[in-house]
Amino acid sequence: MTLNGLAFGSLLLLLAAGLSVIFGLMDVLNLAHGSFYMFGAYSALVVLQVTGSFWLALVLAPLLLALIGAAMEVLFFRRLYRRGHLLQVLLTFGFSLVFVDLVRWRFGPQTQHFPTPTGLAGVIPLAGFEFPVYRAFVIGAAVVVGAALLLAWRRLPVGAILRAGVADKEMVGLLGIDLNLVFTLTFAFGAALAGLAGVVAGPYLATYPGMDENVLILALVVVVIGGLGSVEGAVVGALLVGLANTFGAFYRQDLAVAIVFAAMAVVLLVRPRGLFGLHA
Amino acid sequence: MTRLAAALAGFLFLASMSFWAPPFWISIGTQALIFAIFAMSIDLLLGYCGLPSFGHAAFYGAGAFACAYFALHQVSGLFPLLGLGCFVAGAIAIPIGALSLRARGVYFLMLTLAFGMMLWGYAQQSPRSFLGGSDGLIGVERPPLDAIAWLDRSLWDLAGVDVRLPAARHFFNTVLLVAAAVFALLSLLVASPFGRTLDGIRENEHRMLALGTPTYRYQLAAFAVAAALAGVAGALATLFNGFANPGELYWTNSGLVLIAAIVGGTRSLLGPAVGAFLVLVVQDALSSLSDRWPLVLGALFIGFVLLLPGGLSSLARTATSVIPRR
Amino acid sequence: MRIRAERLGVRFDAVQALHGVNLDVSSGERRAVIGPNGAGKTTLFNAITGELRPSEGKVWLDSLDVSGLPAWRRARMGLARTFQRSTLFSDLSAAENLAQAVRARERSQWRFWPGRERALRAEVAERLELAGLADRAHRPARTLSHGEQRALEIEIALTARARALMLDEPMAGLSGAERAAAVVRLRSLPPEVTLLVVEHDLDAVFTLAERVTVLDQGLVIADGSGAEVREDARVQEVYLGAR
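Residue indices follow the written sequence of each chain, beginning from 1 at its first position. Both sets of labels track the order of writing: A upward for chains, 1 upward for ligands. Local features in this predicted model are restricted to residues whose pLDDT is 70 or higher, and side-chain atom pairs enter the listing and the counts only when it is 80 or higher, whereas totals over whole chains, interfaces and linings include all residues.

What to know about the overall build of chain B
The helix count covers DSSP runs of H or I at least four residues long, the strand count covers runs of E at least two residues long, and both are numbered beginning at the N terminus. The secondary structure content of chain B amounts to 14 helices and two strands. Here chain B has a C-alpha radius of gyration of 20 Å; the compact-globule value for 326 residues is 20 Å, and the two agree. Whether a residue is buried, exposed or partly exposed is read from the other C-beta atoms within 10 Å of its own C-beta, which are placed from the backbone; 20 or more gives buried, 12 or fewer gives exposed, and intermediate counts give partly exposed. The buried share of chain B, taken over its 326 residues, is 54%. Working definition of a contact: two residues with C-beta atoms, positioned from the backbone, lying within 7 Å. Here the analysis covers contacts within chain B between residues at least 6 apart in sequence; of these, 77% occur between residues at least 24 apart. As defined in this context, the radius of gyration uses C-alpha atoms, and a globule is described by 2.2 Å times the residue total to the power 0.38.

As C-alpha cells, then:
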C-alpha cells in the first residue's frame, strides 16, 4: 500500500512541480492545469489508437501540451500578470470548463479504456504480495523526472534563473534576461509535465472528462504544502500527499481528501510559507 | 442612488413575475435568487474585505444541512428553519475564520479551501442517522408559508384581482423577500462605520493597525456574517429542493460563487447578485437547450476577463459616470 | 508619553541592523534621530511601534513594558506614526483617509448603522483645511502629489491626538514651501506630546528638536543637544560629504 501511495505521489509530483514553479515565478494561479493533465491522457489515447505505440504517446503528448501551454501564455496570460489572482481564477476556470467540455464533446462522457502497454503489464511478486509492473513504472518515471528536475533546478543555469526569478522577478529582468521568453517556456514546460502526468496516468487511473478536478485540487495542496516556487517542496509535498491520500482512502474514501486538506491546513498554520517556500 | 434605483427596479420586476411567468422561469428564478443571496454574502468577503474565500460553499452547505436536519426533527416554520441555518453556518465559521485569518491572500484562499473540503469530507462520511452520509438528507417538506400567501393575496386584492397562486410562487416571493432583506442588510452594513472600517482594512491593513485598529476582529466578524448569510441561502436551497446533499459543499461550488461575484463585479452587492443570475440562468436554461452549456459558460468567463475585467458593475459605472459622484 | 528603548538589538538573518541601542525620550520632549542611510533609524522606529520584534532588548512606553505587545495595542496607548513611504488608503479619498483616522481614534468602528457622522465630517473638513488639501478632498489619495500625500500622512498621524508622535522622514521629497508648512503644522503640537522625528533635513531637525540622537550602522554614536551633536567629531566624520 505504501507503494501505491508512492505511485500516486509520483503522479502528483509531475503535476505539482510545474504548477509550483509557475505559481512561484509568475504568480499565476492556473486552474486549467488539471485540464492539461486531461489533455495529456486523451491525446495519448489518440496517439495510441493511431499508432499503437505507448512510447510514442509518451513523447508526443507532452510536446502537444507544451505548444498549447505556450500559446495560452502568449495569448492570454500575458495580459493578466498585473491584474491579480481573481481574474486568473476566472480565466482559468473558464478554460477548464471549455477544455473539459470539448473533450466530452469529442470523446463522450464515458470513461475510456486505456490499455496497459505491453511490456509494462503484469505484476511483480514482492514480499508476499503482487505489485503491478505499471505502477512501478510510474514510480520509476517520476523518480527519473524528479531527479532531472532537481538537478536542473539546483545545478543548471536555467534552474538558477528560475530560482532567482521566484525570489525577485524584477531583478532577473534587469539582468538582461528576457522574462517574456522565460515565462512562456516555463509555462510550456509546466504544461508538458502535466501532459506527461496525464499519459502516465492513463493506464493507471480512470480516463474521463472530469478527471481534472480531483487531481487539480490535490496538486494545489502539494504546491502549498511544499511551498510555492520550490521543486524540492513539490517532491516532498507530493510524497506526503500521495501517501496520505492512499492511506486515507484505504480507511474511508472521501475521508482521504479531508485528511489531505487537514494536513495542508496544519502545515499552513504552523509554517505559512509551506515546507520549503520562499515567499511569505 | 442609481444603484438603489436599479435594485428597486429589479425587485419590482421580480415581484411581478409570480403573476405572469411560466413555471419553468419561476423555478429558475427561485434558484437564481438563492444563488444571488449566496453571491452577495461572498461579496462582503471578497469585495469589501478583500478576502478571497474558497471555502464558502461549506457554510452554504452547513446552512442547508442544519435546515434539513431540524426540519426532519420536528422543527417547522420558515423563520426558525432559516434562523437555524443562519446560526449554524455562522457558528461554524468562527473557528474556521479564526484560523484562516491568520493568513492573507493565496494562503488564506488555500486555508479556506482546506477547511471547506474538510467539512465536505465530513458530510460525505457522516453517520447515516445524523446527516445521511453521501446521500445527504432527503424528504424535507416546505413549511406552510401562510404569511406570504396572505401578503400576496392582500396585495392582489388591492389591485382588485382575486388571485390564487400555486405554492411554488409563494415560495418564490418568499425567497425574493429574503434576498431583498439580505441586500438591504448588507447595504446598510457596508455603509456603516463598521463597513468603512472594513474598507480601511482592505485598502491598507498595515495602516489600520498603525492607527490602533485590531483588524483581525473586524475581519472575523465579517467572515461570520458572510457565512451566516450563506447559511440562509443554503437553508432556502434545502427548502426548495427538499433535500440537502454533501455535493453542495464541494469546492467547485465555492469556485462558482466566486466566479459569479467576479463576473457581476465585486464590491457592489448588486453586481454579484446579477452575476449569480447570469451564471445560474446560463447554466440551467442553457443546459436544457444544449449539452454544450459548459463550453458556453466557460467561453463567457473568458470573454469577461478579456473584455470586461471589472465585471458587469463596471459597465454600469462607466454608463453612469457622467453623473458627478460625491 | 515617555518612550524608552533598552539595549535594543535587531537582526535580519546575517545583518545586525541595531546593536544595543538605548533611547530615552521623556514625555513632551522633541527628539530627532539622524544618521546616514542604512543607519537603522527606521528599524529603530519599527521596533518601538511594534512592527518589528527585536532580537534583544525591551521597549517601554511610559512605565509599561510593551515588548510583547502588537503594534495596534501600542497605537491604542497613544502612539502615532508616519512611515517613510506614505502609507495611505490609496484608493480612498483624502477625506475618507482622515475619516478612517478619526474613527480609529474615537473607537466608533463597531457601529452597524450608517449614521450621519456629523462630528466626524466637521473634524475631517477642518483637518483638510489645515493640511492644505481642501480642494483635493474627494480625489483618491494616490492621485495626490507627493507633497500632498506627505501632508496627508502627517495629518493622519496628528488626527490620532497621540501622546507620542513618531515621524519617519516627514520632509522627504518636499519642496521648500511644503517643508515650511509642515514645520508650522508640527509646531502647533501641544507641549505635552512627545515628538520623535527621523530626518535628513538637518535644518528642520535643528529647528524642531531639543535633543538629537545620532545613529550609525545600528549604534548610537552621539546623543545631546543640537549644538553638542553638531560639534561632535564622530558625527562630523560620519556626515562628511553627506551634507
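Some words on the overall build of chain C
Scanning chain C from terminus to terminus reveals nine helices and ten strands. Compactness check: chain C gives a C-alpha radius of gyration of 18 Å against a globular reference of 18 Å for 243 residues, within 12% of the reference. Along the longest, intermediate and shortest principal axes, the C-alpha atoms of chain C span 55 × 40 × 35 Å. Looking at chain C residue by residue over its 243 residues, the buried ones come to 46%.

Concerning the sheet that holds strand β8 (residues 194-198) of chain C
Residue and element names in this part refer to chain C. For two strands to be treated as a pair, DSSP must find no fewer than two bridges joining them. Ordered in space as β6-β7-β8-β3-β9-β10, the six strands form an open sheet in which the pairing is mixed. Each of the sheet's edge strands pairs with one partner strand only, and the pair in question is β6 (79-81) and β10 (219-225). Each adjacent strand pair in this sheet contributes to an overall mean axis angle of 15°, direction not counted. Looking at chain direction, strand β3 (residues 30-34) and β8 are connected through four bridges and run parallel. Residue A32 lies in a different strand from β8, and its bridge partner there is V197. All axes here are fitted lines through C-alpha atoms, helices being fitted over the stretch that makes contact, and every angle between N-to-C directions spans 0 to 180 degrees. Contacting β3, β6, β7 (164-168), β8 and β9 (211-216), helix α1 (residues 41-49) crosses the sheet at an angle of about 150° to β7.

Describing the interface of chain A and chain B
Between chain A and chain B, the residue contacts involve 31 residues of the former and 33 residues of the latter. When residues of the side of chain A that touches chain B are traced back to their parent elements, those giving at least two are α4 (85-107), α9 (211-226) and α11 (253-270) of chain A. For the side of chain A that touches chain B, the leading source of residues is α4 of chain A, giving 15 residues. Charged residues are taken to be Asp, Glu, Lys and Arg, nonpolar residues to be Ala, Val, Leu, Ile, Met, Phe, Trp, Tyr, Cys and Pro, and polar residues to be all remaining types, Gly included. Grouping the amino acids of the side of chain A that touches chain B by side-chain chemistry returns 24 nonpolar, two polar and five charged.

Regarding the packing of helix α1 (residues 2-26) of chain A against α9 of chain A
Residue and element names in this part refer to chain A. Their axes nearest at 9 Å, the elements α1 and α9 cross at an angle of 60°. Comparing their axes, α9 and α1 come out oblique. Like other packed secondary-structure pairs, α1 and α9 cross with a definite hand, here right-handed. Residues L12, L15, A16, L19, S20 and F23 of α1 form the contact with α9, whose participating residues are V215, L218, A219, V222, V223 and G226. Here the residues of the contact of α1 with α9 sort into ten nonpolar, two polar and no charged. Throughout this description, any angle smaller than 35 degrees is read as roughly parallel, any larger than 145 degrees as roughly antiparallel, any in the 65 to 115 degree range as roughly perpendicular, and the remainder as oblique. Each crossing is labelled by how the near helix is turned from the far one, with a counterclockwise turn of less than a right angle marking it left-handed and a clockwise turn marking it right-handed.

Remarks on the environment of A119 of chain C
With respect to the helices and strands, the residue A119 of chain C is situated in helix α4 (residues 118-131). A sequence separation of 102 residues divides A119 of chain C from A17 of chain C, and the C-alpha atoms of the two residues are 44 Å apart.

Notes on the interface of chain B and chain C
It is common to report an interface's size as the accessible area lost on association of the parts. Listed as interface residues are 20 residues of chain B and, on the opposing side, 23 residues of chain C. Counting residues per element, the ones that place at least two in the side of chain B that touches chain C are α7 (167-191), α8 (193-203) and α9 (205-210) of chain B. The element best represented in the side of chain B that touches chain C is α8 of chain B, accounting for seven residues. Grouping the constituent residues of the side of chain B that touches chain C by class yields nine nonpolar, seven polar and four charged.

Quick notes on unusual backbone geometry
Of note in the backbone geometry, L269 of chain B takes a positive phi value of approximately 60° without being a glycine. By the secondary structure assignment, L269 of chain B is in the loop between α11 (251-264) and α12 (270-289). The backbone of D62 of chain C shows a phi angle near 50°, a positive value even though the residue is not glycine. With respect to the helices and strands, the residue D62 of chain C is situated in the loop between β4 (56-61) and β5 (64-65). We classify D62 of chain C as partly exposed; it has 14 C-beta atoms within 10 Å.

Regarding the arrangement of the chains
Of all two pairs of chains that touch, the greatest number of contacts is found between chains A and B. Between chain A and chain C there is no contact, and the shortest C-alpha to C-alpha distance separating them is 14 Å.

Here we look at the packing of helix α1 (residues 2-20) of chain B against helix α2 (residues 23-48) of chain B
All names here are of chain B. Running from N to C, α1 and α2 cross one another at 145°; their axes reach a closest spacing of 9 Å. Both α1 and α2 take part in a crossing whose hand is left-handed. Within the contact between the two elements, α1 uses L14, M17 and S18 and α2 uses W25, I26 and G29. A breakdown of the residues in the contact of α1 with α2 according to their chemical character gives four nonpolar, two polar and no charged.

Looking at helix α5 (residues 133-155) of chain A
In this scheme, a helix's expected span is set at 1.5 Å multiplied by one less than its residue total. Taking 1.5 Å as the rise per residue, α5 of chain A with 23 residues should run 33 Å; its terminal C-alpha atoms sit 32 Å apart, in good agreement. Taken residue by residue, α5 of chain A has Y134, R135, V138, I139, A142, G146, L149 and W153 of chain A as its buried positions.

By themselves these figures say nothing about function.
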